[in-house]
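Working through the structure, step by step
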Amino acid sequence: MNYKPILNKIFKSKNIPNLILYGFHSIDKFNILKEFININNCILNTNYNIKYYSNNDIKIIDMKDIKNSQIENLFTIIFEIIKCKNYYSNNLRILILKNFNHINKNIQDRFRVIFEKYRINILFIIITDNYNSILNPIISRFLSIRISDLTREEKISTTYPYIKKLTYDKRCKIYDTIYKYSNKDIIINY
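Only a predicted model underlies this, so the values are computations on that prediction, with no experimental measurement involved. (Residues numbered from 1 in each chain as written. Predicted model: local features only at pLDDT ≥ 70, side-chain atom pairs only at ≥ 80, totals over all residues. Heavy atoms only, no water.)

1. What to know about the nonpolar core
Applied cut-off: Here the nonpolar core consists of buried residues drawn from Ala, Val, Leu, Ile, Met, Phe, Trp, Tyr and Cys, with membership extended through side-chain atoms lying within 4.5 Å. Summary of the burial criterion: residues with accessible area below 20% of their type's maximum are buried, those above 50% are exposed, and those between are partly exposed, where the area comes from a 1.4 Å probe applied to protein chains only. Secondary structure is summarised from DSSP: a helix means a run of H or I of at least four residues, a strand means a run of E of at least two, and numbering begins at the N terminus for each. Two residues form a contact once any of their heavy atoms are found within 4.5 Å.
Counting residues in hydrophobic clusters, the biggest one holds 31 residues, and the most contacted among them are I61, F100, F111, F115 and F124. When contributions to this core are tallied by element, the ones reaching two or more residues are strand 1 (19-23), strand 3 (50-54), helix 3 (71-83), strand 5 (94-98), helix 4 (105-117), strand 6 (123-128) and helix 5 (136-139). Examining the composition of this core, we find that 7 residues originate from one element, helix 3, more than from any other. For F124, the residues in contact, after removing those within four places along its chain, are N18, L19, I82, L95, I114, F115, Y118, R119 and F142. In this structure, Y3, L21, I96 and I145 belong to the second largest nonpolar core, which totals 23 residues.

2. Some remarks on the environment of K155
Relative to the helices and strands, K155 resides in helix 6 (residues 152-163). Exposure remark for K155: the relative accessible area of 3% places this residue in the buried category. Between the C-alpha atoms of K155 and Y179, which are 24 residues apart in sequence, the distance is 7.2 Å. The contact partners of K155, leaving out residues within four places of it in the chain, are D149, L150, I178, Y179, Y181 and I187.

3. Let's talk about helix 3
Residues that lie three or four places apart on an α-helix share one face, since the helix turns once every 3.6 residues. To keep it simple, the criterion reads: Between the first and last residue of a helix there are one fewer steps than residues, each counted as 1.5 Å, and that sum is the expected span. Arc definition: it is the arc formed by the directions from the helix axis to the C-beta atoms.
When the terminal C-alpha atoms of helix 3 are compared, their 18 Å separation across 13 residues agrees well with the 18 Å that a helix rising 1.5 Å per residue should span. When we look at burial in helix 3, the residues that qualify are I71, L74, F75, I77, I78, I81 and I82. Along the axis of helix 3, the buried positions cluster into a sector of 160°, meaning they face one direction only. Turning to helix 3, the residues buried within the fold contact strand 2 (43-47), strand 3, strand 4 (58-62), strand 5, helix 4 and strand 6.

4. What about the sheet that holds strand 6?
For clarity, the cut-off: We treat two strands as partners when DSSP finds at least two bridges between them. Every angle, taken between N-to-C directions, lies between 0 and 180 degrees, and every axis is a line fitted to C-alpha atoms, over only the stretch in contact when it is a helix.
Pairing in this open sheet of 7 strands is mixed, and the strands run 2-3-4-5-6-1-7 from one edge to the other. The sheet is open, and its two borders are formed by strand 2 and strand 7 (143-147), each paired with just one other strand. Here the strands of the sheet are splayed against their neighbours by 25° on average, with no regard to which way each runs. As judged from the 2 bridges shared by strand 3 and strand 4, these two strands associate in the antiparallel manner.

5. Details of helix 1 (residues 4-12)
Every buried residue of helix 1 is accounted for by L7, I10 and F11. For helix 1, the buried positions fall inside an angular range of 90° around the axis, keeping them on one side. In helix 1, those exposed residues whose orientation departs by more than 90 degrees from the buried face are K9 and K12. Buried-residue contacts for helix 1 involve strand 1, helix 2 (29-34), strand 6 and strand 7.

Have a look at this one:
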């Protein structure tokens, strides 16, 4: 199933649900999200020794960079983000939590309360490689979208116009290599 029309329709909607983007680990789900949300002008911030990217509307936190000793500081930052009113813009505020599969169940329980209580103020987007690592109560409050890999046939049809004049042996070597990639642009560049 193609996820692009679904994401396109979601981000054109006035009532955007919280999202979970998941899929195979080699697929850059954050890069795919960039096609639908303008993340380019985010700058690096550091508060309480926690690094995150931010602009007026979007905050991005990579959960794999958060150590257990920083959990309380993380929640302090998150509460600052979700409770603070944005006077600079009327746009929807977005909190993106990358690599959500890197946090344990106790911390997810704390996030579950935040997701329930502050949904009106902010849109939450979770990006994960392992969908089963997320608690069911969290999954039930989000729209889950699987970002699928290209099929072998799609990879072959993408590259064939560029390599059709090569010998069979050379084409086979290229095909063997492109099966590892999941991004169409990377496949074409290869």
